[in-house]
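# Examination of the molecular architecture
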Protein chains: 2
Amino acid sequence: MSGERTLRVRCGQTSRVLYVVGTTLSVNLCRSAPPKSKAFNVQCTPNVRFSISPTPVPGPSPSPAPLPLNNNTLLFIVMKEASMVESDSKLSVTYYGDNTEVLGKAVLHLTAIEVSLDVDADRDGVVEKNNPHKGAWTWGPEGHGAILLVNCDSEQFYHKTPDSDRKHITAVSDLNDMSPMVLRTKGPAQLPPGYKLTLHISRGDAEKVRVFRSTAGDMLSRFLGKVFFPDFVKRYPLVLDDQVLSQEVPYQEETKLYVEGLRFPDKDFDGLLKIHLSLLEPISEDFPETPIYTDTVVFRVAPWIMTPNTLEPVEVFVCSTKDNYPFLKGITGLAKKNNYKLKVCYEYKNRGDRWMQDELEFGYIDSPHQHFPVVLDSPRDGDLKDFPYDELLGKDFGYVTRVPEDEEVNSLDSFGNLEVSPPVTVNGKHYPLGRIIIGVAFPTSAHGRNMTKVVQDFLWAQKVQEPVALFSDWLYVGHVDEFMTFVPAPGPKGFRLLLASPDAGYKLFKGLQNDGHGKAKIFDGLGPDEEISVDEILDNERLKSENDYVQNCIDWNRDVLKRELGLDDDDIIDLPILFKLMEDNRAVAYYPDMVNMIVLGKELGIPKPFGPKVDGRCALEAEMTSLMEALGLNCTYIDNFASYHKLLGEVHCGSNVRRKPFELRWWNLEM
Amino acid sequence: MSGERTLRVRCGQTSRVLYVVGTTLSVNLCRSAPPKSKAFNVQCTPNVRFSISPTPVPGPSPSPAPLPLNNNTLLFIVMKEASMVESDSKLSVTYYGDNTEVLGKAVLHLTAIEVSLDVDADRDGVVEKNNPHKGAWTWGPEGHGAILLVNCDSEQFYHKTPDSDRKHITAVSDLNDMSPMVLRTKGPAQLPPGYKLTLHISRGDAEKVRVFRSTAGDMLSRFLGKVFFPDFVKRYPLVLDDQVLSQEVPYQEETKLYVEGLRFPDKDFDGLLKIHLSLLEPISEDFPETPIYTDTVVFRVAPWIMTPNTLEPVEVFVCSTKDNYPFLKGITGLAKKNNYKLKVCYEYKNRGDRWMQDELEFGYIDSPHQHFPVVLDSPRDGDLKDFPYDELLGKDFGYVTRVPEDEEVNSLDSFGNLEVSPPVTVNGKHYPLGRIIIGVAFPTSAHGRNMTKVVQDFLWAQKVQEPVALFSDWLYVGHVDEFMTFVPAPGPKGFRLLLASPDAGYKLFKGLQNDGHGKAKIFDGLGPDEEISVDEILDNERLKSENDYVQNCIDWNRDVLKRELGLDDDDIIDLPILFKLMEDNRAVAYYPDMVNMIVLGKELGIPKPFGPKVDGRCALEAEMTSLMEALGLNCTYIDNFASYHKLLGEVHCGSNVRRKPFELRWWNLEM
């Protein structure tokens, strides 16, 4: 509420006025004039500047000659500097009658103060002083407005819960997850009697934010805080939350405050929050105080951001089960090769649930002052369901989940069905953090499976990676990672889209047949029940028509991906993969689904396809390796036939990768 | 989904292809090439155009010499016109080996159709053909995108309910409230076997929209519809609603559809809705059909719009009670003077509740094809509570309400606390439909009364009259109409803001005292219990300090109004009105509150203030009349002392006015 404040002067009285530097006091001189007043005169001390409207006074100094008083004569008062002591500045208005006789005089004793509620509105990690743009939020490198993190990590190791669930600060390190805010004042040592500073938030915002205050020098409280917990809580008292929407704060030179975000953007929350500081003026004991000045700062809650395959891995996650030794060994080797951390979830924790991809999605939140990974826990809730909370949530590792209330969770809610593209540009529109990709039913289908609404709403509300919905309900398991992935590649886009392609598979098999390898066997070495020759595959008319259908489904998605990610056919590589249909005519991979790979920098961990051998070498691996090596990528084939493929998943389904954040900061996006 | 569609050709086969004019078929020639193919050749009938990438063919006519086949050779196919009969166009691809021997040939039999889902995207009241902008919605005179009304009126007189509550069309006139939509096709008389056209909507949109279809020529069904109701329902079957998200529609030259809006924009609904038309391709009997072409149209639901005092009145509403004859007579005279319609709500209906302003707010909804008034029913629900539904809802008179679920309704929920400004411009930002004004508690107050959240959310969500929240909780009744109103006036802004002003009141009384009228009596003629002299008023220190507080409260609002409506002091007129404080230090008008007036064009119906008389004329009326006559307005003073003022309301509280809509259409706003 910078700007003008209507002030009343009272004839025959001396009024004490508290003025906030930067504002203008507007006095209607006629309102308080004694009856029959015809002229007036204003005098003031040097710290005060005034002007008259509509009759301007020449020069800034008070004019001694009386000026004519009109019906709407306005006096504007400003002061440039804070007062040293109370009432150190004065202004008087003298009213004159027809014959310049004095009819009355109104005197103002003015005290000027400076007040500002300050945040890091320019996003450089430092709280600047009274940024003129702090009350509005805009995107882009030239944008402004402060940033808030959801305090969704847990400083506590025992009895842990996201810090945002606690109404007190449990450790000094918790302050790092909050946005610093400073209340700065300048002026006399005390506010005039009865005046108050108060911080306040709206009811709507109160469920999404908390404000704490530091009551001592930071160094001291840091020391004490570690020593004795209850004392620490006292040193950082809660100022605002959903129970306390308004609270007085001390008038002192500098008050350090900490702002904690509680909710991610969602369907009903655009992520913007306002915090107000008001100066309250007492009227008299019986009347409510009036806010005479309000300063407002705005925060945007940082979105949850996903990391595409083109970002550098930090940590690889897999499950250890009774039967997955070859798989575990393959992944371990790949991780070690590049010195990526490997985290194995053991049987006592995974209880046989090996689908590490499906239970969770890694992302992160970022601000100028702090950033950390945040796991989005899937509503899937298999036997791995406690893993994200129990094993990942921790200090500087956040946790968020969305649980549907009245929808049944289905297979499309697993996060093998939630991926993200590398950065793309579509018809001139940039998506420098890529676009989220999910799988749903055909929009024309009345009975299809869909990803649950609360998760979809959450993903769309993050805004910075606008989602694309693909059609994945044609698959038995129904995950987009069964037919697509992205790999890093040379060229301006920096990646290729890999798509499973039955056509490419049939083409490869026909080529083998033409070259006299029709008797070569798929699933060679996996036993007579599994083995089947290239000729037999090509002779199977039913299988061909099933794959024609699958190719149509994938082509439909191909067209959507080309349009929504701005891709050319040259950006897409078809991988030779066949499918077969199960109950409900829904598809599963016929042999290990090579597109369902783990991407670790230039190293690809690919499900070993057990294709037909030509000269002792698997023709599918040879084709795959040839396609990938052309992009400078290395292929490692991991045997996941018994332990994953037969259970309808592959390498990607059974692993997860936490990656480095984007170098581009999300607030620099042009939205 | 205009644009490219991936198409597969099969060597040795003839494929039937259904093509939609305006799209491009993209064929990866390598995918279907026989092994060892090195070159290819394309031939086609005249209606077909093709191009090759990356090797362009010179000229549009098929080249007879084989072209080299590369790994990513693409064939793009377009057709300019719809086919007359099925498969009337052909295209073949011949593959050659090393020595130009023919290895295989793929043949396409092409049928082209035109399909478009059409709406009034250019907002001229007519459904144009295939507007290229129909799938996106933008504001402004150059904007595009269709408009939908909430069908909140009631065609039925008996057993009435808003039409949007019924799942069928009850009268031909109901079609006028819906947005016309046309499905147009061109091509062979029938779609090839197995192909289908289907309309579909998303689950999220389905609760906000319904689509009906006309099954006969309009003239015929109009006649029949009136004759026999069940037959009528059959003639306009429901196509889409919240139970049917997708339904087949016939392939015929023109299908008339009617789109019905069900929900106003609100906190969780931005007002935009999409309707899709898809062409489904059969794969084979066992497989789900694949959408091969989708056309999308977008609608924005028209907002509910309020009408300021500067718009011309249409109808004046008042209650008749046992004790309000002078009031009723005054209002009736005013309405008759300008030939405005007068609607009196009689005692049997109002049950003694006289507060016509508080129970409801008149607004309207507008579209290029239809507009009608809509009453917003307050959650107040006094004894007048059935009036909006029972007496106003009707044919071309809509009804909407918002009822809080877990908040208690208080006096600030009455619609004397909901007003709207005339058009304003604020720092260059135009509000050509004005800004809504509501009253709430001070943001710094912990215990204040507020307008209920569901109503506030509704008002903000309408967007086109962005609300301003004032501080009205200082008033005992708590309504903004107790201290402010707008009147039409000459000058560029076209209005003045009138504010109650105790200062102006005291100034007037002091002037009277100075002129020797100190013994003149307020409430003169209302009996000795009421009468009080000017001297006594001015001697009452308590009353003065109460009015100082009130002036501070009004000045706070004055500053907000100046800032949020871009007003100067010259745009504001202070009216001489005193207040007194009741329990909780909340204020009521001391004498009839002249600002609480009814504005009917240039005629003002003002509560008769019963001020002190000078030379037989009320000094308050004289001042008021002088101020208003300077603006070209005529004042009529209406005695509402006993029947309204003593019950804490005045003329405005006891009346309501339905006004003409703005000439400016809301979709022409630049948002």
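Residues numbered from 1 in each chain as written. Chains lettered and ligands numbered in written order. Predicted model: local features only at pLDDT ≥ 70, side-chain atom pairs only at ≥ 80, totals over all residues. Heavy atoms only, no water.

The name an unreviewed UniProt entry assigns to chain A is Protein-arginine deiminase, from the organism Gadus morhua. The UniProt entry for chain A carries this comment under Catalytic activity (unreviewed entry): "L-arginyl-[protein] + H2O = L-citrullyl-[protein] + NH4(+)". On record in UniProt, under Cofactor (unreviewed entry), the comment for chain A is "Ca(2+)". (UniProt positions renumbered as here; feature names shortened; annotations may be inferred.)

## Quick notes on the relation of the copies chain A and chain B
It takes a turn of 180° to lay chain A on chain B, together with a shift of 0.0 Å along the axis; the resulting RMSD is 0.0 Å. Overall, the copies show the geometry of a two-fold rotation axis. Using C-alpha coordinates, one finds that chain A approaches the rotation axis most closely at Asp268(A), a distance of 2.9 Å. Take the interface residues of chain A: 100% of them recur as interface residues in chain B, which is what a same-surface contact looks like. (Least-squares fit on C-alpha atoms with pLDDT ≥ 70 in both. Contact = heavy atoms within 4.5 Å.)

## Concerning the side chain of Lys208(A)
Residue and element names in this part refer to chain A. Here Lys 208 shows up in the loop between helix 2 (203-206) and strand 13 (209-213). Despite its burial, Lys 208 pairs with no opposite charge, the nearest such side chain being Glu 207 at 4.5 Å. Apart from residues no more than four positions distant in its own chain, Lys 208 is found in contact with Glu 260, Gly 261, Leu 262, Arg 263, Phe 269 and Leu 273. (Helix = DSSP H or I, 4+ residues; strand = E, 2+ residues; numbered from the N terminus. Buried < 20%, exposed > 50% of the residue type's maximum accessible area, 1.4 Å probe, protein only. Lys, Arg positive; Asp, Glu negative; His and termini not counted. Salt bridge = Lys/Arg side-chain N within 4 Å of Asp/Glu carboxyl O.)

## Focus on the packing of helix 9 (residues 502-514) of chain B against helix 12 (residues 619-629) of chain B
Residue and element names in this part refer to chain B. Remark: helix 9 packs on helix 12, axes separated minimally by 11 Å, with the N-to-C direction vectors making an angle of 120°. When the axes of helix 9 and helix 12 are compared, the pair comes out oblique. Read as a crossing pair, helix 9 and helix 12 show a hand that is right-handed. Contacts between helix 9 and helix 12 involve Leu 508, Phe 509 and Leu 512 on the former and, on the latter, Ala 619, Leu 620 and Glu 623. Tallied by class, residues from the contact of helix 9 with helix 12 come to five nonpolar, no polar and one charged. (Axes fitted to C-alpha atoms, helices over the stretch in contact; angles between N-to-C directions. Parallel < 35°, antiparallel > 145°, perpendicular 65-115°, else oblique. Left-handed = near helix turned anticlockwise from the far one by under 90°. Nonpolar A, V, L, I, M, F, W, Y, C, P; charged D, E, K, R; others polar.)

## Description of the interface of chain A and chain B
If you look at the interface, chain A gives 59 residues, while chain B gives 59 residues. Contact between chain A and chain B buries roughly 5,400 Å² in total, counting both sides, with carbon and sulfur atoms accounting for 50%. The largest per-residue losses of area from chain A upon contact with chain B belong to Arg8(A), Arg31(A) and Thr444(A), which jointly make up 13% of the total buried on that side. Scanning the region where chain A abuts chain B turns up 16 salt bridges. Measuring nitrogen to oxygen at the nearest pair gives 2.8 Å for the salt bridge that ties Arg8(A) to Asp548(B). Here chain A is connected to chain B by 23 residue pairs in polar contact (both at pLDDT 80 or more). Those elements that provide at least two residues to the side of chain A that touches chain B are strand 1 (4-7), strand 3 (24-28), helix 1 (29-32), strand 12 (196-200), strand 17 (272-281), strand 18 (290-301), helix 10 (502-514) and helix 12 (541-565) of chain A. The leading source of residues in the side of chain A that touches chain B is helix 12 of chain A, at 14 residues. (Buried area = accessible area lost by both parts, 1.4 Å probe. Polar contact = N/O pair within 3.5 Å; in protein donor to acceptor, adjacent residues only side chain to side chain.)

## Points about the sheet that holds strand 41 (residues 634-638) of chain B
Residue and element names in this part refer to chain B. Taken in spatial order, the three strands line up as 37-38-41 in an open sheet, and their pairing is mixed. Bordering the open sheet on either side are strand 37 (598-600) and strand 41, each of which pairs with just one other strand. On average, each strand axis in the sheet is inclined to that of its neighbour by 20°, with strand direction left out of account. The strands that helix 4 (residues 325-337) touches are strand 37, strand 38 (603-607) and strand 41; relative to strand 41, the one it contacts most, it runs at about 160°. Where helix 12 meets the sheet, it contacts strand 38 and strand 41, and its direction lies at approximately 150° from that of strand 41. (Pairing = 2+ DSSP bridges.)

## A few points about the environment of Lys274(A)
All names here are of chain A. Its location among the elements puts Lys 274 in strand 17. Residues Lys 274 and Cys 11, spaced 263 residues apart in sequence, show a C-alpha to C-alpha distance of 40 Å. Residues contacting Lys 274, with those up to four places away along its chain left out, are Gly 135, Ile 201, Asp 205, Thr 296, Val 297 and Val 298.

## Considering a negative patch on the surface
A cluster of acidic side chains, namely Glu207(A), Asp268(A), Glu207(B) and Asp268(B), defines a negative patch on the protein surface. Structurally, the position occupied by Asp268(B) is in the loop between strand 16 (254-261) and strand 17 (272-281). Asp268(B) gets classed as partly exposed once you look at its relative accessible area, which sits at 48%. (Patch = residues over 30% accessible without salt bridge, like charges linked within 9 Å, V, L, I, M, F, W, Y side chains within 5 Å. Areas by Shrake-Rupley, 256 points an atom, 1.4 Å probe, with all protein chains shown as cover. Charge placed at Lys NZ, Arg CZ, Asp CG, Glu CD.)

## Topic: the domain arrangement of chain A
Segmenting chain A into domains produces domain 1 (4-114), domain 2 (119-301) and domain 3 (305-668). With centres defined by C-alpha atoms, the gap from domain 1 of chain A to domain 3 of chain A works out at 74 Å. (Domains from an automatic or database assignment.)

## Concerning the UniProt feature "active site" (unreviewed entry) in chain A
Residue and element names in this part refer to chain A. Mapped onto this structure's residue numbering, the UniProt feature "active site" (unreviewed entry) falls at Asp 358, His 479, Asp 481 and Cys 653. The greatest C-alpha distance among the annotated residues, which extend across 296 residues, is 10.4 Å, indicating that they converge on a single site. Structurally, His 479 can be placed in the loop between strand 29 (468-471) and strand 30 (484-488). According to the relative accessible area criterion, His 479 is buried, its value standing at 2%. Residues contacting His 479, with those up to four places away along its chain left out, are Asp 358, Ser 411, Ser 414, Gly 416, Asn 417 and Ser 472. With respect to the helices and strands, Asp 481 occurs in the loop between strand 29 and strand 30. We classify Asp 481 as buried; its relative accessible area is 2%. With near-sequence residues (within four places) excluded, Asp 481 lies in contact with Gln 357, Gly 416, Glu 419, Val 595, Asn 596, His 652 and Cys 653.

## Considering unusual backbone geometry
That bond from Ser53(A) to Pro54(A) is cis: its omega, 5°, falls within 30 degrees of zero. Tracing the backbone through its elements, the reader meets Pro54(A) in the loop between strand 5 (48-53) and strand 6 (67-68). Although it is not a glycine, Ser87(B) sits at a positive phi angle of roughly 55°. Mapped onto the elements of the fold, Ser87(B) is located in the loop between strand 7 (74-79) and strand 8 (89-96). When its relative accessible area of 10% is taken as the criterion, Ser87(B) is described as buried.

## Things to note about the pattern of salt bridges
By the definition in use, this model includes 98 salt bridges over all chains. In this structure, Glu466(A) and Lys429(A) form a salt bridge, with 3.6 Å as the shortest nitrogen-oxygen distance. Taken as a pair, Glu466(A) in the loop between helix 9 (453-461) and strand 29 and Lys429(A) in strand 27 (residues 429-431) lie far apart in primary sequence, 37 residues in all. Arg16(B) is the partner of Glu86(B) in a salt bridge, and the nearest nitrogen-oxygen pair spans 4.0 Å. A residue pair is termed long-range when its members are at least 10 positions apart, and Glu86(B) in the loop between strand 7 and strand 8 and Arg16(B) in strand 2 (residues 14-20) qualify at 70 residues. A relative accessible area of 60% means that Arg16(B) is categorised as exposed. Taken together, the shared-partner salt bridges in this structure form one network comprising Glu4(A), Arg8(A), Arg10(A), Arg31(A), Asp503(B), Lys544(B), Asp548(B), Asp555(B), Arg558(B), Lys562(B), Asp569(B) and Asp574(B).

## Regarding the packing of aromatic side chains
Residue and element names in this part refer to chain A. In total, this model carries 50 aromatic pairs over all chains according to the counting rule given. Each ring, one from Phe 471 and one from Trp 556, has its centre 6.1 Å from the other, and the planes form 85°; the classification is edge-to-face. Of the two residues, Phe 471 sits in strand 29 while Trp 556 sits in helix 12, which places them 85 residues apart along the sequence. Judged by its relative accessible area of 4%, Phe 471 is buried. Taking the relative accessible area as the measure of exposure, Trp 556 reaches 11% and is therefore buried. On the basis of an interplanar angle of 70° and a centroid distance of 5.6 Å, the ring pair of Phe 610 and Phe 641 is categorised as edge-to-face. Placement of Phe 610 in the loop between strand 38 (603-607) and strand 39 (613-614) and of Phe 641 in the loop between strand 41 (634-638) and strand 42 (655-659) is noted, with a sequence separation of 31 residues between them. Here a set of aromatic residues connected by ring pairs shows up, and it is made of Phe 509, Phe 523, Tyr 590, Tyr 591, Phe 610 and Phe 641. If you follow Arg 300 out to its NZ or CZ, it ends over the ring of Trp 137, 4.5 Å from the centre. (Phe/Tyr/Trp six-rings, centres within 6.5 Å; stacked < 30°, edge-to-face > 60°. Lys NZ or Arg CZ within 6 Å of the ring centre and 35° of its normal.)

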